[in-house]
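Structure assessment
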Amino acid sequence: MSSISCGLVGLPNVGKSTLYNSLTKNSVLAANYPFATIEPNVGIVAVPDSRLEQLAELFPGSKIVPAIIKLLDIAGLVKGASTGEGLGNQFLSHIRSVAVIVEVVRTFEDNNVAHVNQSIDPKRDIDIISTELALADLDSLSRRLGQMEKEAKSNPKLKHMLELTQKAYSLLGNGQQLYTQLNQEELKQLADLQLLSTKPVIYVFNVDENSLNNKESQQLLIDMVSPSPALLVCAKLESELAALEDYDAKELRESYGLHHSGLESLVIAAYKTLGLQSFLTAGEKEVRAWTVRSGSTAQEAAGEIHGDMQRGFIAADIVGFSDLIMFGSWSACRSAGKVRTEGKDYKMQDGDVVEFKFNV
Ligand SMILES: Nc1nc2c(ncn2[C@@H]2O[C@H](COP(=O)(O)OP(=O)(O)OP(=O)(O)O)[C@@H](O)[C@H]2O)c(=O)[nH]1
Ligand SMILES: [Mg+2]
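Note that the structure is predicted; figures quoted are calculated from it, not measured.

Let's talk about the overall build of the protein chain
- Scanning the protein chain from terminus to terminus reveals 15 helices and 13 strands.
- Here the protein chain has a C-alpha radius of gyration of 23 Å; the compact-globule value for 360 residues is 21 Å, and the two agree.
- Dimensions of the protein chain, computed from the C-alpha atoms along their principal axes, are close to 65 × 60 × 35 Å.

Shown next, in the form of structure tokens:
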């Protein structure tokens with residue numbers, strides 16, 4: 001869980017790199033992760049969380065360590081990528097490594113920016129990308145299926161897996177997406193096959209500035225991809241905002257009716273899509289946010305911090321974020337009876353501030 005990765009995918013020239021640059025530059029909280037570029041196109045982005053700044057005020061001198069996500073700027077995909085067109089298979093493998101596909105779709109008009117298919121048509125562009133991903137998966141599935149059919153004859157235990165693989169193959173053949181058509185259990189069983197279409201997709205429509213306020217056209221785009229989540233951003237505006245001081249950026253953003261930064265919107269969507277939540281730790285040294293799956297237990301959460309903490313888990317002292325802010329310190333919360341001691345099976349809640357007790 002320690003770092004989830006989102007891959008920016010889409011046709012060439014739709015604004016992926018513009019968005020990537022502005023999102024990674026915008027990462028103000030990342031001061032302690034000296035905006036690490038792992039490769040030229042992999043960035044570490046701080047998960048915006050205003051609770052950390054509030055907590056840091058209670059612990060003067062503590063440093064803020066945000067949760068992070070990895071963002072990959074993947075080269076543009078073209079029709080025929082699955083058979084090796086463009087950069088072809090090489091970067092399909094980059095997509096295999098991500099937890100969420102962030103598909104950037106162009107709707108902005110600009111005669112100075114060429115469109116690979118000459119016209120603005122988001123539906124067509126989405127279909128091209130889905131088709132390429134599906135073709136790549138059909139290719140790997142058809143190779144797997146031949147082998148599985150043989151193996152299943154001598155090993156009846158494999159029959160279920162064979163049937164599921166056949167089901168995936170026919171869904172893809174019928175133009176369906178595996179992520180939206182299969183249940184969680186089926187997706188888990190298929191995980192080893194590393195299919196592209198089993199990954200959740202968040203659609204990011206790169207719109208004109210003046211469409212940011214147009215609720216009607218926004219709804220059409222949202223409906224186009226529903227039930228998948230969709231965001232509307234203007235990458236050009238995001239890159240202008242990234243160059244401004246926080247206060248000025250906020251003011252300009254609000255003049256467009258936007259209450260969240262592009263990064264915040266993306267992180268909110270990614271957490272929701274992947275079923276993630278945050279818990280917090282706070283002390284003299286650092287205040288820090290950690291990411292876990294919703295429904296994680298206290299013992300699993302401890303493992304996020306250190307394997308020893310999970311293995312030697314004794315208990316978790318927990319105070320709600322707003323109680324800690326209201327009472328101002330752990331000891332004041334203790335005296336007020338706001339600190340609960342929970343055992344290993346306690347289900348973590350978003351915004352729990354935790355001190356783990358453990359044996360090594
Ligand atoms: N008008 C306008 N131009 C944009 C916007 N976003 C990106 N562009 C321009 O579109 C061109 C392509 O943008 P990139 O971000 O490089 O596109 P890309 O998707 O990374 O392209 P590839 O890496 O080739 O796949 C650049 O000239 C950008 O300045 C936008 O929101 N509005
Ligand atoms: Mg690019």
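Okay, back to it.
Some words on the pairing of strand β7 (residues 201–206)
- With 6 of 6 residues buried, β7 lies mostly within the body of the structure.
- Burial of the side chains of β7 extends over both faces: V201, Y203 and F205 are buried on one face and I202, V204 and N206 on the other.
- Where strand β6 (residues 100–106) lies against β7, 6 bridges are found, and the strand directions are parallel. Bridging from a neighbouring strand, V102 pairs with I202 of β7.
- Of the strand pairs in this sheet, β7 and strand β8 (residues 230–233) are connected by 4 bridges, and their pairing is parallel. Directly across from Y203, in β8, lies its bridge partner A230.
- The β-α-β motif built from β7, the intervening helix α8 (residues 215–225) and the parallel element β8 has right-handed crossover chirality.

Some points on the packing of helix α4 (residues 122–154) against helix α5 (residues 159–173)
- Running from amino to carboxyl end, α4 crosses α5 at an angle of 150°, the nearest separation of the two axes being 9 Å. When the axis of α4 is compared with that of α5, the two are roughly antiparallel. By crossing handedness, the relation of α4 to α5 is classed as left-handed. Facing A134, D137, L138, L141, R144, L145, M148, E149 and A152 of α4, the residues of α5 in contact are K159, M161, L162, T165, Q166, A168, Y169, L172 and G173.

Topic: the site of ligand 1
- What surrounds ligand 1 is a group of 17 residues, the closest being G15, K16, S17, T18 and G76.
- Counting residues per element, the ones that place at least two in the shell around ligand 1 are α1 (16–25) and α9 (235–242).
- Classifying every residue of the shell around ligand 1 by side-chain character gives 7 nonpolar, 7 polar and 3 charged.

A look at the nonpolar core
- If you look at the biggest cluster of nonpolar residues, it comprises 83 residues, and the most contacted ones within it are L8, V102, I202 and V204.
- By residue number, the principal contributor to this core is α4, which donates 7 residues.
- With near-sequence residues (within four places) excluded, V102 lies in contact with C6, G7, L8, V9, I202, V204 and L266.

A word on unusual backbone geometry
- Residue S226 is joined to P227 through a cis peptide bond whose omega torsion reads 10°.
- In this structure, P227 sits in the loop between α8 and β8.
- Backbone geometry places N13, a non-glycine residue, at a positive phi of 65°.
- Looking at the secondary structure, you find N13 in the loop between β1 (4–9) and α1.
- Using a count of 15 C-beta atoms within 10 Å as the deciding quantity, one classes N13 as partly exposed.
- With phi around 70°, Q118 is a residue other than glycine that occupies positive phi space.

Describing the environment of T165
- By the element assignment, T165 lies in helix α5.
- Owing to 22 C-beta atoms within 10 Å, T165 belongs among the buried residues under this scheme.
- Taking the C-alpha atoms as reference, T165 lies 9.3 Å from L193; in sequence the two are 28 residues apart.
- With residues up to four places along the chain from it excluded, the contact list for T165 reads L141, R144, L145 and M148.

Side note on the environment of L23
- Topologically, L23 is positioned in helix α1.
- In the structure, L23 is positioned 22 residues away from V45 in sequence and 7.5 Å away in space, judged by C-alpha atoms.
- L23 has contacts with V45, L71, G262, L263 and L266, leaving out every residue within four places of it along the chain.

Rules behind the numbers
Residues numbered from 1 in each chain as written. Chains lettered and ligands numbered in written order. Predicted model: local features only at pLDDT ≥ 70, side-chain atom pairs only at ≥ 80, totals over all residues. Helix = DSSP H or I, 4+ residues; strand = E, 2+ residues; numbered from the N terminus. Rg over C-alpha atoms; globule rule 2.2 N^0.38 Å. Buried ≥ 20, exposed ≤ 12 C-beta atoms within 10 Å, placed from the backbone. Pairing = 2+ DSSP bridges. Right-handed = clockwise from strand over helix to strand, strands pointing away. Axes fitted to C-alpha atoms, helices over the stretch in contact; angles between N-to-C directions. Parallel < 35°, antiparallel > 145°, perpendicular 65-115°, else oblique. Left-handed = near helix turned anticlockwise from the far one by under 90°. Contact = placed C-beta atoms within 7 Å. Near = placed C-beta within 6 Å. Nonpolar A, V, L, I, M, F, W, Y, C, P; charged D, E, K, R; others polar. Core = buried A, V, L, I, M, F, W, Y, C linked by C-beta atoms within 7 Å.

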